[in-house]
Amino acid sequence: MIVVGGGIGGLGAALSLTRQGQSVRLLESAPAFGEVGAGIQLAPNCTRILDDYGLLEEAKSLGVVPDAMVMRDAVDGDELTRIDLRHLEQRYGYPYLVIHRSDLHGLLLRACERAGVELVNDAQVTSYENTGAGARVTLASGGTHEAGVVIAADGLHSVARGLLVDDEPVSSAYVAYRGTVPAEQPRVASVDLSEVVVYVGPRCHFVHYGLRGGELLNQVAVFESPKALAGRDDLGTPDELDAAFADTCDFVRDGLPFMWRDKWWRMYDRDPVMQWVHGRIALLGDSAHPPLQYIAQGAIMAVEDGWVLSEHVARNRAADGTVDWSAALAAYEAVRPEHCRRVLTASRKWGELWHLDGLAREQRNALLRARDTHDYAFTDWLYGPTALTPDQEPEMFTPIPLSSAPAGEAALAGGAA
């Protein structure tokens, strides 16, 4: 097999398939393996798979297992709701974990090396095609690689996706700044590192949580760019960052100087697609389902993809080791696109909910304050065991209209504001 792309999704797939007895060559375009970014959140539907791979304890040693997830209003700083993550672990059987993205990537890379995955760098794939015996990829250098199956984990700007659909990434007009703060900074002393906290505000939000056993504080600031809305290319600049958070509480504003102010990320996703397989070429990870980040499932979906595919390889492997690839890929495509469609659409809606203003913000706040801490109606569909067949996919949550907020409480909050 060939896996194209050495990110978290590609490494996870290569590891999982190798564990099922497949010989895997992984092609990475960069001259060395690495991951850009800072923190990443891993919900129980991911830590369950890391445990299956025998990697959970190592991941926990590199990250932080927080006690709570807290949502606050970015304007006044007041708590709106929280999830008891220790109770959540009891419910789903696996922890909620936060970890540096490079630490997770390194963990998977080392596991691939131990498993015998053939890792190839400086291999930029420019085209894919099916052959009589499987599939072939062509590199920018002119070289080719052939295998029985090719898994395209080639990211947001996937070349392989063009075999299935003619579309482009969708800009949300939002921009993210990231940064980490070392423990010796006074900023860290003012933070409870046992909590994952998001401050939700009008057209902006701010996230923080601890990393590397509390050695670092991870911060993320996201805002809607007026320049992006105007169609300008010089968008997301530090002046826009400061302006976007000008009316937020002191704690949020005090965190902005610690951002990496020389680089920022535009927030893109793509519309869901339900066909991921083209002959012996299959999409995986962001090539199939790049989401907005609001429910923290992007990397998790990619890890799930690799696990599900490998489970169907095992189910369709004969006694002599040969795999019915048509059946395995069909089973993979029968279950993953619908789940990921739900995640993509829910992520968009969740982002809208975070960024409300005016009366809608007050209605949202009233509903969140009324929520029971142990209400898992909005996470059961997501954090439970990863479905292997369509009938295992759980029902989604029932949306709650903003208009159902207690009128008196919302009006009172609006008057106080």
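Because the structure is a prediction, the values reported are computed rather than measured.

Trainee: Describe the confidence of the model for the chain, listing the residues and the values that go with them.
Mentor: Per-residue pLDDT for the chain has a mean of 95; in total, 97% of the residues score no lower than 70. Below a pLDDT of 50 lies the segment residues 410–417, which in the model reaches seven contacts outside its immediate sequence neighbourhood of four places, other chains included.

Trainee: How would you sum up the sheet that holds strand S9 (residues 135–139)? Please name residues and give values.
Mentor: If you walk across this open sheet you meet the three strands as S8-S9-S10, and the pairing is antiparallel. Because the sheet does not close on itself, it has two edges, and the strands there are strand S8 (125–130) and strand S10 (144–147). Each adjacent strand pair in this sheet contributes to an overall mean axis angle of 20°, direction not counted. The sheet contact formed by S8 and S9 spans five bridges and is antiparallel.

Trainee: Describe unusual backbone geometry, with residues and values.
Mentor: Despite not being glycine, Arg212 has its phi angle at roughly 50°, a positive value. Overall, the relative accessible area of 29% leaves Arg212 in the partly exposed class. With a phi close to 55°, Ala296 is a non-glycine residue in the positive phi region. Structurally, Ala296 is set in the loop between strand S18 (281–283) and helix H10 (298–315). With relative accessibility at 22%, the residue Ala296 sits in the partly exposed group.

Trainee: Any chance you could break down the packing of aromatic side chains for me, citing the residues and the numbers?
Mentor: Per the counting criterion, the structure on display carries 12 aromatic pairs. Both rings, one in Tyr294 and one in Trp354, keep their centres 5.4 Å apart while their planes meet at 80°; by these two values the pair is edge-to-face. Highlighted residues: Tyr294 in the loop between S18 and H10 and Trp354 in helix H11 (residues 325–354), separated in sequence by 60 residues. Here the two residues Tyr294 and Trp354 agree in accessibility, since each one is buried. Taken together, a centroid distance of 5.0 Å and an interplanar angle of 45° make the contact between Phe378 and Phe397 tilted. With Phe378 in the loop between helix H12 (358–369) and helix H13 (380–383) and Phe397 in the loop between H13 and helix H14 (407–416), the pair connects residues that are 19 residues apart, well separated along the chain. Here Phe378 falls in the partly exposed class, since its relative accessible area comes to 35%.

Trainee: Break down H10 for me, citing the residues and quoting the values.
Mentor: An ideal rise of 1.5 Å per residue puts 26 Å on 18 residues; H10 measures up with 26 Å between its terminal C-alpha atoms. With 15 of its 18 residues buried, H10 lies for the most part within the structure.

Trainee: Talk me through the environment of Tyr128; I want residue IDs and the actual numbers.
Mentor: When you line up the elements, Tyr128 lands in strand S8. Sequence-wise, Tyr128 and Glu146 are 18 residues apart; in three dimensions their C-alpha atoms are separated by 9.9 Å. When near neighbours in sequence (up to four residues on either side) are disregarded, Tyr128 contacts Val4, Arg136, Val137, Val150, Ala152, Asp154, Val159, Ala160, Leu163 and Ile281. Within the structure, the side chain of Tyr128 is placed 2.9 Å from the side chain of Asp154, a separation counted as a polar contact.

Calculation rules
- Each chain has its residues counted from 1, following the order in which its sequence is written.
- The predicted nature of this model means local features are confined to residues of pLDDT at least 70 and side-chain atom pairs, given and counted, to a pLDDT of 80 or more, with totals for whole chains, interfaces and linings taken over all residues.
- Values reported for side chains reflect all heavy atoms of the structure, with hydrogen atoms and water molecules removed beforehand.
- pLDDT is a per-residue confidence score from the predictor, ranging from 0 to 100.
- Between two residues, a contact is recorded if the distance between any of their heavy atoms is within 4.5 Å.
- Any two strands are treated as partners once DSSP identifies two or more bridges connecting them.
- Segments assigned H or I by DSSP are reported as helices when at least four residues long, segments assigned E as strands when at least two residues long, and all are numbered from the N terminus.
- Between the N-to-C directions of two axes lies an angle of 0 to 180 degrees, each axis being a line fitted to C-alpha atoms and, for a helix, fitted only over the stretch in contact.
- Only protein chains enter the accessibility calculation, which uses a 1.4 Å probe; a residue whose area is less than 20% of its type maximum is buried, one above 50% is exposed, and one in between is partly exposed.
- In summary, the pairing rule links any two rings of Phe, Tyr or Trp, Trp by its six-membered ring, whose centres are within 6.5 Å, and it sorts them by plane angle into stacked for under 30 degrees, edge-to-face for over 60 and tilted for everything else.
- By this rule, a helix spans an expected 1.5 Å times one less than how many residues it contains.
- Residues adjacent in sequence count toward polar contacts only when both atoms are side-chain atoms; beyond that, a polar contact is any pair of N or O atoms within 3.5 Å, and within protein one must be able to donate a hydrogen and the other to accept it.

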